[in-house]
Amino acid sequence: MTIHPIESRYGREEVRKIFDDETKLQRMLDVEAALARAHAKVGNIPKEAAEEITKKANTKYVKLSRVREIEAKINHDVMAMVEALSEQCGNAGKYIHLGATSNDIQDTALALQLKEFMVFLRRDLEDLKNIILKQAKRHKTTITIGRTHGQHAVPTTYGLKFAIYAAEIQRHIERINECYKRIIVGQLTGAVGTQAALGEKGMEIQNYMMGDLNLKSVMVSNQIIQRDRHAEFLLILALIAETLNKICIEIRNLQRTEIGEVFEYFGKEQVGSSTMPHKMNPIYAERICGLSRVIKANAIASLDNIPLWHERDLTNSSCERIIIPESCILIDYILNLSVELIKNLIFDYNAIERNLKLTKGRIMAEAIMLSLIHISEPT
């Protein structure tokens, strides 16, 4: 049984998998294994114990069903994972989670998930920019009526429209690249950020652990990695979504019957309406616009995760379990949908020419005005 449309309708399987419960469990196990190896490296635990923990820190041994069974009894998801792993590790189990707090594991595991997602996000943005640039080149001499305030202005080109979109996507690529170093970080700082349970080698253990996981260490934290980082990331996703919203609003307006210049591709067997057979609705553009609202709303929620009580509370946790996977899966989905939409746009050149002539030349009033000013200048 599925409930959320992401499970069956929106989102790509390869991206959904990054955030599913099985992968999340594996990433937490990866972090626990790296922690054990770091302890062994500084001599805190036997090397053999770290090797056993590393071997068993895998969902082949630590079953999601068993973790859920334990969690149902103790009401703590991270400790349920620790207990399930300990069951598989024999005497080495006593060294699992040594000196760590729950969010050392969860936040670092989330960084691993986001790092994997970033590969898809960057590729999506590059693909979209490239397809927009192709349209810009293809239509650099396709003259159309410009519109300001919804009224006919002076002519422009479709090439310029697409060039503006491509430049905006490039800015998003730069934003994501800049944000990367702040969001792809892990921590091992303990209960309130002091590393007290780790002793004198706390910083050394953290650096070994993060180097093993190919992550950067936080500079400073309390019990959690500070949520301004995650809010920034979700706000950038919202900016990307709003760019797609903007592009698709333009397409939807240009497809209106009374304008009719640009259209979504409409399949031979596609149905536009259950009651009006003539309809060819811009459903993909409308879907992108609709889902952009969810991503924007999630970004707003992320801002409320920044101010937590003292060294932390749990109010961010339940919220983030929803908004981070949801936003990532949906932005990937609408980026890929936008690529297909823009690649397959259909242009009605007769309608473009008709609309250019609609005001019978009044759109050239600016050129006449400038000519008159030039003529009237004193010699």
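What you are looking at is a predicted structure, and each value in this text was computed from that prediction instead of being measured. (Residues numbered from 1 in each chain as written. Predicted model: local features only at pLDDT ≥ 70, side-chain atom pairs only at ≥ 80, totals over all residues. Heavy atoms only, no water.)

Engineer: Account for the packing of aromatic side chains, naming residues and giving values.
Structural biologist: Here a ring pair, both rings aromatic, is described through the centre-centre distance and the interplanar angle of the planes. The final tally for this structure, using the stated rule, is seven aromatic pairs. Ring centres of F117 and F233 lie 6.5 Å apart, and the angle between their planes is 80°; this geometry places the pair in the edge-to-face category. Residue F117 is located in helix α6 (residues 102-138), and its partner F233 is located in helix α9 (residues 228-254); the two are separated by 116 residues in the primary sequence. Take F117: its relative accessible area is 0%, and that puts it in the buried class. Ring plane angle 65° and centroid distance 6.4 Å describe the contact between F162 and F347, whose orientation is recorded as edge-to-face. Residue F162 is located in helix α7 (residues 158-183), and its partner F347 is located in strand β6 (residues 346-347); the two are separated by 185 residues in the primary sequence. The class for F162 is buried, based on a relative accessible area of 6%. Three or more aromatic residues link up through ring pairs in this structure, and these residues are Y158, F162, Y165, F347 and Y349. One Lys or Arg, K56, reaches over the ring of Y61 and ends 5.5 Å from the middle of that ring. Above the face of the Y180 ring, R122 is positioned so that its terminal group lies 4.4 Å from the ring centre. (Phe/Tyr/Trp six-rings, centres within 6.5 Å; stacked < 30°, edge-to-face > 60°. Helix = DSSP H or I, 4+ residues; strand = E, 2+ residues; numbered from the N terminus. Buried < 20%, exposed > 50% of the residue type's maximum accessible area, 1.4 Å probe, protein only. Lys NZ or Arg CZ within 6 Å of the ring centre and 35° of its normal.)

Engineer: Run through the pairing of strand β1 (residues 143-148), naming residues and quoting values.
Structural biologist: Pairing analysis gives five bridges linking β1 to strand β2 (residues 151-157), with the strands arranged antiparallel. Counterpart to I143 in the pairing with β2 is T157. The turn joining β1 and β2, which pair antiparallel and follow one another in sequence, is formed by two residues; a positive phi near 60° is taken by H149. (Pairing = 2+ DSSP bridges.)

Engineer: Could you give me a rundown of a nonpolar patch on the surface, with the residues and numbers involved?
Structural biologist: A cluster of nonpolar side chains, L235, L303 and I306, forms an exposed patch at the surface whose accessible area comes to about 220 Å². Along the chain, the position of I306 falls in the loop between α10 (283-303) and α11 (315-343). I306 sits in the partly exposed class, given a relative accessible area of 37%. (Patch = residues over 30% accessible without salt bridge, like charges linked within 9 Å, V, L, I, M, F, W, Y side chains within 5 Å. Areas by Shrake-Rupley, 256 points an atom, 1.4 Å probe, with all protein chains shown as cover. Salt bridge = Lys/Arg side-chain N within 4 Å of Asp/Glu carboxyl O.)

Engineer: Before we move on, could you go through the side chain of Q255 and cite the residues and values that matter?
Structural biologist: Structurally, the position occupied by Q255 is in the loop between α9 and β5 (262-263). By relative accessible area, which is 8% here, Q255 ends up buried. Those residues in contact with Q255, other than ones at most four positions away along the chain, are G260, V262, F263, E264, M280, N281 and P282. (Contact = heavy atoms within 4.5 Å.)

Engineer: Give me the nonpolar core: which residues, what numbers.
Structural biologist: Counting 103 residues, the largest nonpolar core has L121, I132, F233 and I331 as the members making the most contacts within it. Per element, the largest residue contribution to this core is 15 residues, and it comes from α6. Excluding its chain neighbours within four sequence positions, the residues that come into contact with L121 are I176, F233, L237, I240, I331 and L335. (Core = buried A, V, L, I, M, F, W, Y, C linked by side-chain atoms within 4.5 Å.)

Engineer: Describe helix α2 (residues 21-41), with residues and values.
Structural biologist: Here α2 is 21 residues long and its end C-alpha atoms lie 30 Å apart, about the 30 Å a rise of 1.5 Å per residue gives. Just downstream of α2, G43 is the residue with a positive phi angle, here 90°. (Expected span 1.5 Å × (residues − 1).)

Engineer: Requested: an account of the packing of α10 against α11, with residues and values cited.
Structural biologist: In the contact formed by α10 and α11, the axes pass within 9 Å of each other and the chain directions differ by 150°. As summarised for this structure, α10 and α11 are arranged roughly antiparallel, according to the angle between their axes. Judged by the twist between their axes, the crossing of α10 over α11 is left-handed. Of α11, the residues touching α10 (which contributes Y284, A285, R287, I288, L291, V294, I295, N298, A301 and S302) are C319, I323, E326, S327, L330, I331, Y333, I334, L337, S338 and L341. Across the contact of α10 with α11, the residue classes tally to 15 nonpolar, four polar and two charged. (Axes fitted to C-alpha atoms, helices over the stretch in contact; angles between N-to-C directions. Parallel < 35°, antiparallel > 145°, perpendicular 65-115°, else oblique. Left-handed = near helix turned anticlockwise from the far one by under 90°. Nonpolar A, V, L, I, M, F, W, Y, C, P; charged D, E, K, R; others polar.)

The quantities given are spatial measurements derived from coordinates; they are silent on function.
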